[in-house]
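Listed here are the chains, written in short residue letters.
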Amino acid sequence: MAPWSIRQLTNLNSEDIALLKNVAAESSSPVIVTGHRLLVMKNVLPKRVATGCMSVDGLLLGGFQRGCLTEVYGESGSGKTQVAIQAAVSNWPSGTVYICTEDLFPVKRFNQISKNNINYHPSHDYGKSVFVEHVTESQELLSCIRIRLPKLLESNNVSLVVIDSVAAPFRSETTNYIQRAEELREMAISLLKVAREFNLAVVCINQVTSSMEGTGDNVLPSLGLAWSNMVATRLWLRKSRSICLNQDNYHHEDMAQNMVQVRELYVAFAPDLPNEAAEFIITESGLKAIQ
Ligand SMILES: Nc1ncnc2c1ncn2[C@@H]1O[C@H](COP(=O)(O)OP(=O)(O)OP(=O)(O)O)[C@@H](O)[C@H]1O
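Throughout this document, residue positions are counted from 1 along each chain, in the order its sequence is written. Reporting in this predicted model follows two pLDDT cut-offs: at least 70 for local features of residues, and 80 or more for side-chain atom pairs to be given and counted; totals over whole chains, interfaces and linings ignore these cut-offs and use all residues. Values shown for side chains rest on all heavy atoms present in the structure; no hydrogens or waters enter the calculation.

By the naming in an unreviewed UniProt entry, the chain goes by RecA family profile 1 domain-containing protein and is assigned to Plutella xylostella. Per its UniProt entry, the chain bears the Subcellular location (unreviewed entry) comment "Nucleus". UniProt positions are given in the numbering used here, feature names are shortened, and annotations may be inferred rather than shown by experiment.

Given below as structure tokens:
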């Protein structure tokens, strides 16, 4: 039996202590259980991580599902990063791990959305709950997910992991397609393990190639069958129509000005969601549902 002690955790009841004793008995090494892990073990955390946009959360029955992989794909500029940043802000005080593989983390935009968050208070340090990592190569990304990520999750309260974007490290090294497929499969397996063990929502952002853009329902992210089989939910982001809005985001057909681009998040595949879409706009303060 591994040595165990209960430090820092307070207000444990007899049920919690019995659960911790069982965990320690089954483990061959010392056990570190944070308050968050205890909640995971007791299975009392909400099953989804909110995106912070009313219409999208309505469609997704509360947000991104924990314990599995969600792929968000769409053409450049469709709003994939905005959705992820908004979810990171809405997830506060719970943490987000944001792994950037292409562009740097958009700090300015994150701060802008944070300050406009409905629960914003000057004393809240939103930045402290976001752990940013930049990796550009596939092996580096794999090692980050397998080694550094679990270590970080052991000692921090995190409920969302974002990879922006998932294909970029593999795109630059595409000479060996078999190796690429194998690495993608390994990455998906490692991400799924982390998602299950720590009860996290893992959101993988994926671009569609320019030749695929605008081809209607045939637009598909292509990372191979092995990868596709690991993804539980696939969401397609696209620009749809333009509309006129007044300052309160109310739709007015007769307004000649303030034309705004509407975006649509469509459930391309999910075991528990209908193939429907939610509309939203992107404003300075983040994603907003249309009234
Ligand atoms: N402050 C802002 N106010 C209003 N709209 C904004 C603001 N910042 C970004 N946007 C909108 O978000 C769009 C960019 O979205 P985003 O960066 O999420 O796209 P993406 O799908 O991640 O693209 P890529 O694949 O190229 O990274 C911009 O084109 C703009 O329309």
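Having seen the structure, we can now continue with the description.
Draft legend 1. Representation of the overall build of the chain in the model. In this description a helix means any DSSP run of H or I spanning at least four residues, a strand means any run of E spanning at least two, and both kinds are numbered starting from the N terminus. When helices and strands are counted, the chain shows 9 helices and 11 strands. Using a 1.4 Å probe on the protein chains alone, a residue whose accessible area is under 20% of its type maximum counts as buried, one over 50% counts as exposed, and one in between counts as partly exposed. Among the 291 residues that make up the chain, the fraction classed as buried is 45%. Only the protein chains shown count as cover for residues, and the accessible areas themselves come from Shrake-Rupley with a 1.4 Å probe. Summed over all atoms, the accessible surface of the chain reaches about 14800 Å², with 51% contributed by carbon and sulfur.

Draft legend 2. Spatial organisation of the pairing of strand E3 (residues 68-74). Within E3, 7 of the 7 residues are buried, which leaves it mostly tucked inside the rest of the structure. Side chains Cys68, Thr70, Val72 and Gly74 of E3 all project onto a buried face; the interleaved residues Leu69, Glu71 and Tyr73 project onto the opposite face, where all are buried too. A strand pair is defined by DSSP finding two or more bridges across the two strands. Pairing of E3 with strand E8 (residues 231-244), which is carried by 6 bridges, proceeds in the parallel orientation. In the sheet register, Val72 faces E8, and the bridge partner there is Leu235.

Draft legend 3. Highlighting the nonpolar core. Among buried residues, those of type Ala, Val, Leu, Ile, Met, Phe, Trp, Tyr and Cys that are joined through side-chain atoms within 4.5 Å constitute a nonpolar core. In terms of nonpolar packing, the biggest core is built from 34 residues, with Leu60, Phe64, Tyr98, Phe110, Leu160, Leu265 and Phe280 touching the most fellow members. Broken down by element, the residue count for this core peaks at 6 residues, all from helix H4 (residues 80-90). Those residues in contact with Phe110, other than ones at most four positions away along the chain, are Ile85, Ala88, Val89, Phe105, Tyr126, Gly127 and Val130. Residues Leu69, Leu141, Ile163 and Leu192 belong to the second largest nonpolar core, which totals 31 residues. Note on definitions: a residue-residue contact is assigned when non-hydrogen atoms from the two residues lie within 4.5 Å.

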